[in-house]
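Chain residues, written in single-letter form:
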Amino acid sequence: MAEDRIFSLRDIAFCYPGNDEPAISGITMDINVGWWVTIVGDNGSGKSTLAKILNALLIPTRGVCYVLGRDTRDPAVQWDIRKDVCMVFQNPENQIVASVVEEEVAFGPENLGLPSEDIAMRVRWALGVTGLSEFAKKPTYALSGGQKQRLALAGALAMRPKCIVLDEATSMLDPEGRRELTGVLKRLHEEGMTVVSITHRTEELLLSDHVAVLSRGKLAFYGDLNEVLSGSTLSKLGIREPSSFRLWRELKGRGLIDDRVLPRAEDMAENLVEKICL
Ligand SMILES: Nc1ncnc2c1ncn2[C@@H]1O[C@H](COP(=O)(O)OP(=O)(O)OP(=O)(O)O)[C@@H](O)[C@H]1O
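A quick note: this is a predicted structure, and the numbers were derived from the prediction, not measured.

A common way to express how large an interface is: the accessible area buried when the components associate. Domain parsing of the protein yields domain 1 (5-238) and domain 2 (242-278). Distance from the C-alpha centre of domain 1 to the C-alpha centre of domain 2: 31 Å. If you look at the interface, domain 1 gives 4 residues, while domain 2 gives 4 residues. For the side of domain 1 that touches domain 2, the residue count by class is 2 nonpolar, 1 polar and 1 charged.

Residues in contact with the ligand, as listed here, are Tyr16, Asn19, Ala23, Gly41, Asn43, Gly44, Ser45, Gly46, Lys47, Ser48 and Thr49. Ranked by residues supplied to the shell around the ligand, first place goes to helix 1 (residues 47-54) with 3 residues. Its residues placed into classes, the shell around the ligand shows 2 nonpolar, 8 polar and 1 charged.

Right, let's talk about unusual backbone geometry for a bit. Positive phi is not limited to glycine here, since Arg160 has a value of about 55°. With respect to the helices and strands, the residue Arg160 is situated in the loop between helix 5 (145-157) and strand 7 (163-167). Positive phi values are uncommon outside glycine, yet Glu168 reaches one of about 55°. Tracing the sequence through the fold places Glu168 in the loop between strand 7 and helix 6 (175-190). A tally of 18 C-beta atoms within 10 Å means that Glu168 is categorised as partly exposed.

Attention shifts here to the pairing of strand 7. Where burial is concerned, most of strand 7 is hidden: 5 out of the 5 residues are buried. The alternating pattern of strand 7 places Cys163, Val165 and Asp167 on one face and Ile164 and Leu166 on the opposite face, and all of these are buried. Pairing geometry for strand 6 (residues 85-88) and strand 7, over 4 bridges, is parallel. Counterpart to Val88 in the pairing with strand 7 is Leu166. Of the pairings in the sheet, the one linking strand 7 to strand 8 (residues 194-198) comprises 5 bridges and is parallel in character. From the neighbouring strand, Val165 faces strand 8, where its bridge partner is Val196. For the segment spanning strand 7, helix 6 and strand 8, crossover handedness is right-handed.

Cut-offs and rules
Residues numbered from 1 in each chain as written. Predicted model: local features only at pLDDT ≥ 70, side-chain atom pairs only at ≥ 80, totals over all residues. Domains from an automatic or database assignment. Contact = placed C-beta atoms within 7 Å. Nonpolar A, V, L, I, M, F, W, Y, C, P; charged D, E, K, R; others polar. Near = placed C-beta within 6 Å. Helix = DSSP H or I, 4+ residues; strand = E, 2+ residues; numbered from the N terminus. Buried ≥ 20, exposed ≤ 12 C-beta atoms within 10 Å, placed from the backbone. Pairing = 2+ DSSP bridges. Right-handed = clockwise from strand over helix to strand, strands pointing away.

See below:
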């Protein structure tokens with residue numbers, strides 16, 4: 001198995017107890033260390049099920065999921081896998097268990113049985129990375145939605161995971177909260193963290209380098225972002241394209257922006273201004 005591979009899924013299927021139809025089936029995919037993979041798909045297409053397979057919260061009913069070479073079916077490695085692959089869910093309220101911010105972040109490392117100096121160091125680091133240091137002693141209920149989601153991320157980061165799996169983690173946030181959370185994630189990704197993000201906001205595809213589309217439990221597409229941008233992959237699969245993609249194609253088609261520019265509003269605007277002014 002390639003050393004730089006974090007996930008290797010081979011013909012995965014998962015059936016919830018009592019359901020005849022598998023929630024996902026026939027899924028084979030690899031994810032390398034340091035990639036940012038965005039998973040999109042309709043409601044009920046199996047995105048959350050796939051995410052939970054990645055950190056051994058669910059064990060495939062068929063096929064094998066390897067995480068850094070370890071088979072998630074092996075109970076002896078499941079705890080280590082859950083330390084390496086931490087999840088952040090849609091609603092931070094459901095994840096926060098402590099009443100004070102720093103206690104919340106300490107919860108995971110305490111469960112690892114680490115010495116108290118190590119725990120304190122991890123808490124300081126995770127609060128710093130997520131921009132929450134000034135709230136360390138504050139009650140968790142006093143945080144805004146965006147701050148609570150960053151706290152959930154800080155709790156996950158305190159486990160020093162190799163990968164963060166986000167299950168619609170930005171969907172309940174206002175634009176400011178989304179900006180804050182994605183800012184932190186972008187920095188972590190630049191430093192080498194693997195990110196797998198499930199989202200209904202197709203604009204967030206632009207944060208990623210790889211895109212997976214699920215449709216009725218099957219992997220309908222898996223490829224790099226350039227492949228998605230250069231063709232009509234999303235619309236063919238019934239996924240709404242962000243309006244910026246259409247504008248980007250139009251501007252590129254007319255030679256008004258450079259090929260290297262991504263379909264982000266700010267990048268396109270900057271390039272247009274450069275071209276007009278030169
Ligand atoms: N705990 C469960 N028990 C039984 N069936 C479930 C359970 N969780 C999900 N399912 C079913 O599995 C299928 C896939 O669900 P999943 O939540 O993985 O999809 P999703 O793409 O994440 O959906 P959404 O975008 O609505 O969150 C759906 O048909 C769903 O009804």
